[in-house]
Structures are given as structure tokens and as C-alpha cells.
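Listed below, chain by chain, are the residues.
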Amino acid sequence: MSTPQQSAPRRATITDVAREAGTGKTSISRYLNGEMSVMSPELRARIEAAIARLNYQPNQMARGLKRGRNRLIGMLLADLTNPYTVEVLQGVEAACHALGLMPLICHAANEVEMERRYLQLLTTYRVEGVIVNALGVSEETLRPVGGSGIPAVMVDRQVEGLTADMVGLDNGAAAQLGVQHLLEQGFDDIWFVVQPFEQVSSRHLRQTSFRDAMGAQGRARGHTLVLDLADTDETARGLAELDRAIDSAADGKRGKDASTAHRIALFAANAPVALCLALHLKSRYGPDWQTRVALLSIDDPDWAELTGITTIRQPTYEIGYRAVEFLHERIEGVQTTVRDCLLPGELIVRASTSR
């Protein structure tokens, strides 16, 4: 004979607490909101005892909506698999904990349509603010946030027409820092490898800054290669173009001093691009691929130290923390002009760019 399943016990309500304490729901609400001065010590004791006996847990969402404050903030992320995003998120969570906020994380998986749907969803949840690190959000999509709408802070992104604070890497300075290092190491043929940048302002700025830095060097040659990691065929064609350039440079250097055996350097715009390049180079040229081509990357994932790749480390934790601080100030009513907080990168020199 099967035993009938017992239903889960019903959660106590504010009405149950009021009945148990022998008072009205208004008094319970005042107690929960900290309005102790309007009730007697005896009533406060009865309410406290009733809450303990019933194990009453107030509905914070309902209370927050009633007061117009729920302490929820949304965070829209393009790619949660990117180490950069994970490290920024650590700073966001730490700042939320310190400021009494609750982050609602939305992972769009690099899909523009998902970004649009998540932004709509966040507005229905009546979040108090939004942090955006997304791929292809447009001014139209972001219309409910920023400006006179829900306060918003962009992480390493700028959207034309959107009035919102921005926190991120000083991308222009980072690109110039990388070029300067490669030139000082004697690499005068540099390829900047970047994912499609039409919809992502940070990628576009890095590419523009690279081009400007190379243009200022009369003896150096700069190339830009767009590598669409989402398209296998396009990626294969781009890597084949790099192979031809690397092999051509090696052929041109034969018979010369070994210290000049490779002059080509690859400058990856971010960690996903750098990983793609490193895996391909190791597969094609073997474990000694760094004797043929140099590699430098913006972003400093853990594997970069293991493989000896020179990087420009982003202050990811600080970026996330400052973004929440900026958003919290806007939620609390701070009225200032739009702020851009650009933080410097740190050059970490390793074997991949040695002479």
C-alpha cells in the first residue's frame, strides 16, 4: 500500500502573524519596516514572539515593490564563458554585497536577440538599475534604460545616443602600450587580430588605436585581420592568411642572424582571439612555435602564464566594483554629467615576445 504524499507546509503570512500576535496587519508592517517608536514594548514583544513561533519569512520582493525599492539590479552579459566576464562579475558581486544590492545575472550567449529580450525582462522585474556588458545592444534596445529611464552603467561599451556612465579599460592607451612594447622588442611587422568590431565599441577603439600607433611609426608595418570566431570557415581562412605571412617572413630571413629569425608579431584584441591563435600556432608549428612568431594579448587569463604569453592585464575586478558604485550613486539620486571611468592596463612581459 502506497503512503499518500504529504503536501509541503503552508508558509505563514502576515495575516497569520497578526492573528497570532493579537493585533492588526498594519502593526506587523510597521514592525517589519523598523517603525518601533509607534508601538509599545509589549506589542513589539508579542509580534517578535509570533514571528518566531510561525517561522515567518517576509516577502522581500513584495515589500520592496510596495515601497518602490527592491534592491535588485540587473546585469546583462554577452559571454559568461569569457574569463574577462567572470572576473568582472566577481567585482560586481563584491560591491553588491557591500552596498546591500542583489544582482540578477542575464547571460545572452552572444545573441543580440537574447540581449533585447533580457532587457525587456529586467524592466518588467522593475530592477533599480542595469549594468550592461553586451555584444550588439543598440540605442533603440536600450531606450528603457539610461537617461531618464532606469539608471544604467556600461562596462567597456559605448552606445551612440545613450546617456549612461561607462567603466572599462583605457583601450586606446592599452593598444598603444602593446604596440610600443612590440616595437621595442624589434618586431616591425605587426598583425592586430580582432573579432568583428562594427557593433562593439571597445574592439573598434582598440583597432583604431593600433592603426594610429602604427601609422606614427614610419618603419613599421601594421595589418588588421578580422577573425570571426563564430564562423568556422571564416576563421580557417583568416588563420591561413596568417600562416602565409609567417612563412613568407621566415623565408625572407633565411641566412640572416638567428636573433632576427622572426619579425612578425600577432597582437590579439582579447583572450578568446589569443587562445584561438595559440592553439593554431602550436598545432601547425609545434611546441616551439614562439621561435617563428610573437604573440601579445589584451586580457590575462590563467593559461597565458602557463604558456608564456605576454599580456596587457585588465583591472577586471575593479571595473566590476566601480560599475556597481556608479550605479548605486545614480540609484540614490546623484545628478552629474555622464562619467567615463577609464582604468589603465598593466603590461605583463613573458617569453612570447622575447627577442
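In short, a report on the structure. Just so it is clear, the structure is predicted and the values come from calculations on it, not from any experiment.

### Some details on the environment of Ala274
Stage number 1. Along the chain, Ala274 turns up in helix H10 (residues 271-285).
Stage number 2. Assessed through its relative accessible area of 1%, Ala274 is described here as buried.
Stage number 3. Between the C-alpha atom of Ala274 and that of Asp300, which follows or precedes it by 26 residues, the distance is 9.9 Å.
Stage number 4. Other than its neighbours up to four places away in sequence, Ala274 contacts Ala268, Leu295, Ser297 and Trp303.

### What to know about the side chain of Asp79
Stage number 1. With respect to the helices, strands and loops of the structure, Asp79 is situated in the loop between strand S1 (72-77) and helix H5 (83-99).
Stage number 2. The buried charged residue Asp79 lacks any salt bridge, with Arg203 as its nearest oppositely charged partner at 7.4 Å.
Stage number 3. A polar contact is formed between the side chain of Asp79 and the side chain of Thr81, at a distance of 2.5 Å.
Stage number 4. Not counting residues within four places of it along the chain, the set of residues in contact with Asp79 comprises Thr85, His107 and Asn110.

### Brief notes about the sheet that holds strand S6 (residues 189-194)
Stage number 1. What the 6 strands build is an open sheet, ordered S7-S6-S8-S9-S10-S12; its pairing is mixed. One side of each edge strand has no neighbouring strand; the edge strands of this open sheet are strand S7 (221-226) and strand S12 (346-348). The mean inter-strand angle of the sheet, taken between neighbouring strand axes irrespective of direction, is 20 degrees.
Stage number 2. Where strand S10 (residues 310-313) lies against S12, 3 bridges are found, and the strand directions are antiparallel. Along S12, the bridge assignment pairs Ile312 with Leu347.

### Quick word on the nonpolar core
Stage number 1. Ranked by internal contacts, the top residues of the largest apolar core, which has 23 residues, are Leu242, Leu266, Leu277 and Leu295.
Stage number 2. Elements represented by at least two residues in this core include exactly S6, helix H9 (232-253), strand S8 (264-268) and H10.
Stage number 3. Looking at this core element by element, the count peaks at 7 residues for H10.
Stage number 4. When near neighbours in sequence (up to four residues on either side) are disregarded, Leu242 contacts Trp191, Val193, Leu225, Leu266 and Leu277.
Stage number 5. The next biggest cluster of nonpolar side chains, apart from the first, holds 22 residues, and it includes Val153, Val167, Ile319 and Leu343.

Parameters at a glance
Residues numbered from 1 in each chain as written. Predicted model: local features only at pLDDT ≥ 70, side-chain atom pairs only at ≥ 80, totals over all residues. Heavy atoms only, no water. Helix = DSSP H or I, 4+ residues; strand = E, 2+ residues; numbered from the N terminus. Buried < 20%, exposed > 50% of the residue type's maximum accessible area, 1.4 Å probe, protein only. Contact = heavy atoms within 4.5 Å. Lys, Arg positive; Asp, Glu negative; His and termini not counted. Salt bridge = Lys/Arg side-chain N within 4 Å of Asp/Glu carboxyl O. Polar contact = N/O pair within 3.5 Å; in protein donor to acceptor, adjacent residues only side chain to side chain. Pairing = 2+ DSSP bridges. Axes fitted to C-alpha atoms, helices over the stretch in contact; angles between N-to-C directions. Core = buried A, V, L, I, M, F, W, Y, C linked by side-chain atoms within 4.5 Å.

Purely geometric stuff here, so don't read any function into it on its own.
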